[in-house]
Amino acid sequence: MLIKTEGIVLKNRKYGENDSLLTIFTRKAGKVNAIAKGGRKPKSNLLAGIQPFCYSDFVLYKGKSLYTISQCESKEIFYSIREDLTRLSYGAYLLQLVEAVINEGQTNHRLFSLLGKALFLLKKEDIEIQSIIRSFELNYLVYAGYKPHLTSCINCNTTEMKDLRFSIQEGGILCPKCHHTDPFALRVSETTIKLAYYLLNKDIVEIQKLKIHPLLNEQLKKIIKKYIVAHINIYEFKSLDLVDKL
Ligand SMILES: [Zn+2]
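Model, not experiment: these values are computed from the prediction. (Residues numbered from 1 in each chain as written. Predicted model: local features only at pLDDT ≥ 70, side-chain atom pairs only at ≥ 80, totals over all residues. Heavy atoms only, no water.)

A. Up close: the sheet that holds strand E6 (residues 165-167). Spatially, E7-E6-E8 is the arrangement adopted by the three strands of the open sheet, whose pairing is antiparallel. A strand with exactly one partner marks an edge of an open sheet, and here the two such strands are strand E7 (172-174) and strand E8 (186-187). Sheet topology note: the E6/E7 ladder contains three bridges and is antiparallel. What sits directly across from Ser 167, in E7, is Gly 172. (Pairing = 2+ DSSP bridges. Helix = DSSP H or I, 4+ residues; strand = E, 2+ residues; numbered from the N terminus.)

B. The arrangement of the coordination of the zinc ion in detail. The coordination sphere of the zinc ion, as far as protein atoms go, consists of Cys 153 (SG), Cys 156 (SG), Cys 175 (SG) and Cys 178 (SG), spread over 2.3 Å. Bound by four donor atoms, the zinc ion shows angles of 105 to 115° at the metal and therefore tetrahedral coordination geometry. Site description for the zinc ion: donor spacing in sequence, C-x2-C-x18-C-x2-C. (Donors = N, O, S within 2.8 Å, 3.2 Å for Na, K, Ca; no water. Tetrahedral: all angles 85-135°; square planar, octahedral: opposite > 155°, others 65-115°.)

C. Broad picture of helix H4 (residues 129-143). Over its 15 residues, H4 extends 21 Å from the first C-alpha to the last, a length consistent with the 21 Å expected when each residue adds 1.5 Å. Counting buried residues in H4 gives 13 out of 15 residues, a clear majority hidden from the surface. Gly 145, located one to two residues past H4, shows a positive phi value of around 95°. (Expected span 1.5 Å × (residues − 1). Buried < 20%, exposed > 50% of the residue type's maximum accessible area, 1.4 Å probe, protein only.)

D. Here's a closer look at the UniProt feature "domain: DNA replication/recombination mediator RecO N-terminal" (unreviewed entry) in the protein. Within the UniProt annotation, "domain: DNA replication/recombination mediator RecO N-terminal" (unreviewed entry) is assigned to residues 1-78. Structurally, residues 1-78 comprises 0% helix and 60% strand, and the distance from its first C-alpha atom to its last is 30 Å. (UniProt positions renumbered as here; feature names shortened; annotations may be inferred.)

E. Layout of the side chain of Lys 31. Here Lys 31 lies in strand E3 (residues 30-36). Here Ile 102 takes part through its backbone oxygen, which lies 3.1 Å from a polar atom of the side chain of Lys 31. Once residues within four sequence positions are removed from consideration, Lys 31 is found in contact with Leu 10, Thr 23, Ile 24, Phe 25, Glu 99, Ile 102, Asn 103, Glu 104, Gly 105 and Gln 106. (Polar contact = N/O pair within 3.5 Å; in protein donor to acceptor, adjacent residues only side chain to side chain. Contact = heavy atoms within 4.5 Å.)

F. Up close: the pattern of salt bridges. One pass over the full model with this rule turns up 14 salt bridges. Residue Asp 241 is joined to Lys 225 by a salt bridge in which the shortest nitrogen-to-oxygen separation is 3.6 Å. Note that Asp 241 is positioned in helix H7 (residues 238-245) and Lys 225 in helix H6 (residues 214-231), a separation of 16 residues in sequence. Here the salt bridges do not stand alone but share partners, grouping Glu 6, Arg 27, Asp 57 and Lys 75 into one network. (Salt bridge = Lys/Arg side-chain N within 4 Å of Asp/Glu carboxyl O.)

Laid out in structure tokens, this is it:
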């Protein structure tokens with residue numbers, strides 16, 4: 001069976017002597033593992049479209065356990081992400097997040113489109129990278145089925161927004177009367193919650209130049225990281241740790 005679909009390459013690793021094994025997030029077939037025959041040969045005509053980040057048109061042949069790439073034409077190779085260590089690290093982090101949450105054969109059109117938009121923004125010069133990454137993370141959590149509850153106390157539903165904590169376990173904010181329901185809940189400012197709510201309700205393209213105060217960004221970043229570790233199958237953020245050291 002042949003499938004023609006757009007896809008974003010999440011991973012490309014060596015497979016045998018001359019082949020590459022790719023993990024591709026495709027629009028039509030979800031995440032697939034596919035072999036690029038001869039993909040490691042310098043003259044392979046697949047080469048341009050099968051590197052990580054590549055956004056390409058694929059023709060895939062479905063075998064018993066793996067797909068084989070029969071044609072691949074790159075639409076965007078994101079060269080400017082790959083040549084800059086900061087952008088590369090953030091880009092790799094986005095690919096890691098997506099890979100962790102999409103199962104084989106499972107489509108997610110909203111996440112596909114979010115990843116595409118985020119990569120196109122990351123290659124631009126005049127952007128606020130932190131805003132783009134926070135917006136991606138929050139919307140990603142929604143599309144992955146872990147939408148944080150930010151408009152009222154997750155326990156008693158009061159909308160009084162003072163002295164708040166965020167419960168990683170329950171996935172939402174707690175008012176002072178309900179702090180005791182989760183002793184591990186994290187202190188969070190009302191402004192940070194408002195910022196997160198704003199980012200959740202705006203398209204990522206609209207916030208590309210939004211400047212976030214570093215302290216707010218740090219608070220939000222810390223909560224999101226813990227939230228991802230608790231709910232999604234990721235325990236290490238090698239590329240994020242790298243970019244923090246730059
Ligand atoms: Zn409450």
